[in-house]
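# Breakdown of the fold
Chain residues, written in single-letter form:
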Amino acid sequence: MGAEKRWLFTLFSAATASLFLIFLFSFYAFSSSGSPFPTPIHHGPHHPPSFAYYIYGGRGDRNRIFRLFLAVYHPRNRYLLHLGAEASDDERMALAVQVAAVPAVRSFGNADVAGKPSRLTDMGASNIASTLRAASVLLKVDSGWDWFITLSASDYPLITQDDLAHAFSSVSRDLNFIDHTSDLGWKEEQRIQPIVVDPGLYLARRSKIFYATQTRPTPDAFKVFTGSSWVTLSREFLEYCILGWDNLPRMLLMYFNNVMLAEEGYFHSVICNSPEFMNTTVNSDLRFMIWDNPPKMHPVFLNLSDFIQMAQSGAAFARQFHRDDPVLDLIDEKILNRGQGQVSPGAWCTARASWWNDPCSQWGDINVVRPGPLAKRLEETVSNLVDDMKSQANQCK
Ligand SMILES: *[C@@H]1O[C@H](CO)[C@@H](O)[C@H](O)[C@H]1NC(C)=O
Ligand SMILES: *[C@@H]1O[C@H](CO)[C@@H](O)[C@H](O)[C@H]1NC(C)=O
């Protein structure tokens, strides 16, 4: 075969292969869902709000993260999943493959797995760096979302995304749901005054935070606030933290670099020391947790015995759960109506539901939400919180 002929042959086979691929792809796309093309997403005050989720975990958390992702999925939202640096690239890749195979994700392309992981040191400031990075990515890739929500692999929702969007559609979109207090108590001496270093910021290997022998006084240039690390923050506030011209978010970032459990104080202190945002704080994390008693340092693992209390709590999410605890199956069945390996259905899903058919393999208008029986409780929680906020008795105090 001459050079020319060989070239022709290559071209021909490449052309055949791509034709075949195009054929295969169209077959795949049309057969797997009734609406292979995404319906347009409408954002703005006259449409339901949408949420940007940052879901993270460590080594071995791939299946938990995927399950949680399915449980909180909605085409109008945006998702960034992060398996920390101690997880392997294989695990990360496998998660990306699982996510990309969800029919709606294939069409709406609204979920990503962070390819370049960060180190998440237990109690270290590297967690704040990862959360800020996630928020930056989500701000950049999607201009439509209203609130940013952080979830860890051991969390689970207690409501559907239709319920959540419905409950949040009646409140101002500049509100920030963040549990906080300046009453530091024992934390002042044990959390704020010690100086810690997070080697996750400069060592390639996994390591623990360590303590300096000296301590430092409680700041007086600003007031320190602490609270729950689980936050629901407005787009506007995150733009201020990440893109803003005011230097306070950066100054506090440098300060919190050496504070133990910085994630329990960073956003809290930034927001409550910023006059233009302090009035937007709603003092709640919207989570259901039961604390160990005493010493009230960690939320206990929830199980079937807690189901009724959780379902009636009016919270949006609960933590923490053991991997594949039976209570998660009960939440799937009774609250989310979610089949195994499928996304939680909402008003957008139009395929007929049966044991072999995923109701969300086809869809109609994704801009409508249909609240379920539990939406009422969440709505009450949110409206009580907002009333409480308006009195300002519980705000940045
Ligand atoms: C926040 O609320 C306080 C107290 O009502 C008020 O004095 C202040 O002007 C408000 N700040 C903004 C930016 O609205
Ligand atoms: C749930 O956990 C509590 C301890 O936290 C335990 O006493 C209870 O028996 C557990 N219930 C079930 C159904 O496993």
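Shown above is the structure to which this text applies.
Conventions and cut-offs
- Residues numbered from 1 in each chain as written.
- Chains lettered and ligands numbered in written order.
- Predicted model: local features only at pLDDT ≥ 70, side-chain atom pairs only at ≥ 80, totals over all residues.
- Helix = DSSP H or I, 4+ residues; strand = E, 2+ residues; numbered from the N terminus.
- Expected span 1.5 Å × (residues − 1).
- Buried ≥ 20, exposed ≤ 12 C-beta atoms within 10 Å, placed from the backbone.
- Arc of directions from axis to C-beta.
- Near = placed C-beta within 6 Å.
- Nonpolar A, V, L, I, M, F, W, Y, C, P; charged D, E, K, R; others polar.
- Pairing = 2+ DSSP bridges.
- Axes fitted to C-alpha atoms, helices over the stretch in contact; angles between N-to-C directions.
- Parallel < 35°, antiparallel > 145°, perpendicular 65-115°, else oblique.
- Left-handed = near helix turned anticlockwise from the far one by under 90°.
- Contact = placed C-beta atoms within 7 Å.

## Focus: helix α3 (residues 89–100)
- For α3, with twelve residues, the first-to-last C-alpha span of 16 Å sits near the 16 Å given by 1.5 Å per residue.
- If you check which residues of α3 are buried, you get Arg92, Leu95 and Val99. On an axial view of α3, the arc spanned by its buried residues comes to 60 degrees, and they lie on one face. Of the exposed residues in α3, the ones pointing more than 90 degrees away from its buried face are Asp89, Asp90 and Val97.

## Some remarks on the site of ligand 1
- Near ligand 1, the surroundings consist of Pro275, Glu276, Asn279 and Gln392.
- Grouping the amino acids of the shell around ligand 1 by side-chain chemistry returns one nonpolar, two polar and one charged.

## Details of helix α14 (residues 375–391)
- Here α14 spans 25 Å end to end across 17 residues, near enough to the 24 Å set by a 1.5 Å rise per residue.
- If you check which residues of α14 are buried, you get Leu378, Val382 and Met389. The arc that holds every buried residue of α14, seen down its axis, measures 35 degrees, which confines them to one face. When the buried face of α14 is taken as reference, the exposed residues oriented beyond 90 degrees from it are Glu380, Asn384, Asp387, Lys390 and Ser391.

## Some remarks on the sheet that holds strand β12 (residues 317–319)
- Judged by pairing direction, the sheet is mixed, and its three strands sit side by side in the order β5-β12-β11 without closing on themselves. A single partner strand is all that each edge strand has here, and the edge strands are β5 (155–157) and β11 (287–288).
- Summarising the sheet, β11 and β12 pair through two bridges and their orientation is parallel. The residue bridging Phe288 from the neighbouring strand is Ala318, located in β12.

## Section: the packing of helix α2 (residues 62–71) against α3
- Where α2 meets α3, the closest approach of the two axes is 10 Å, and the angle between their N-to-C directions is 25 degrees. One way to sum up the angle between α2 and α3 is to call them roughly parallel. Relative to α3, α2 is oriented so that their crossing is right-handed. Contact residues: α2 offers Arg62, Ile65, Phe66 and Phe69, while α3 offers Glu91, Ala94, Leu95, Gln98 and Val99.

## Quick notes on the environment of Phe210
- Secondary-structure assignment places Phe210 in strand β8 (residues 210–215).
- You can call Phe210 exposed: it has 11 C-beta atoms within 10 Å.
- The spacing of Phe210 and Pro199 is eleven residues in sequence and 8.0 Å in space, taken between C-alpha atoms.
- Setting aside residues up to four positions removed in sequence, Phe210 forms contacts with Val196 and Val197.

## Things to note about unusual backbone geometry
- Following Arg319, the chain continues to Gln320 via a peptide bond in cis, the omega torsion being 0 degrees.
- Mapped onto the fold, Gln320 is located in the loop between β12 and α13 (326–336).
- In this structure, Leu261 is a non-glycine residue whose phi angle is positive, near 55 degrees.

## Observations regarding the site of ligand 2
- Taken together, the neighbourhood of ligand 2 is formed by Val300, Asn303, Leu304 and Ser305.
- Residue composition of the shell around ligand 2, by class: two nonpolar, two polar and no charged.

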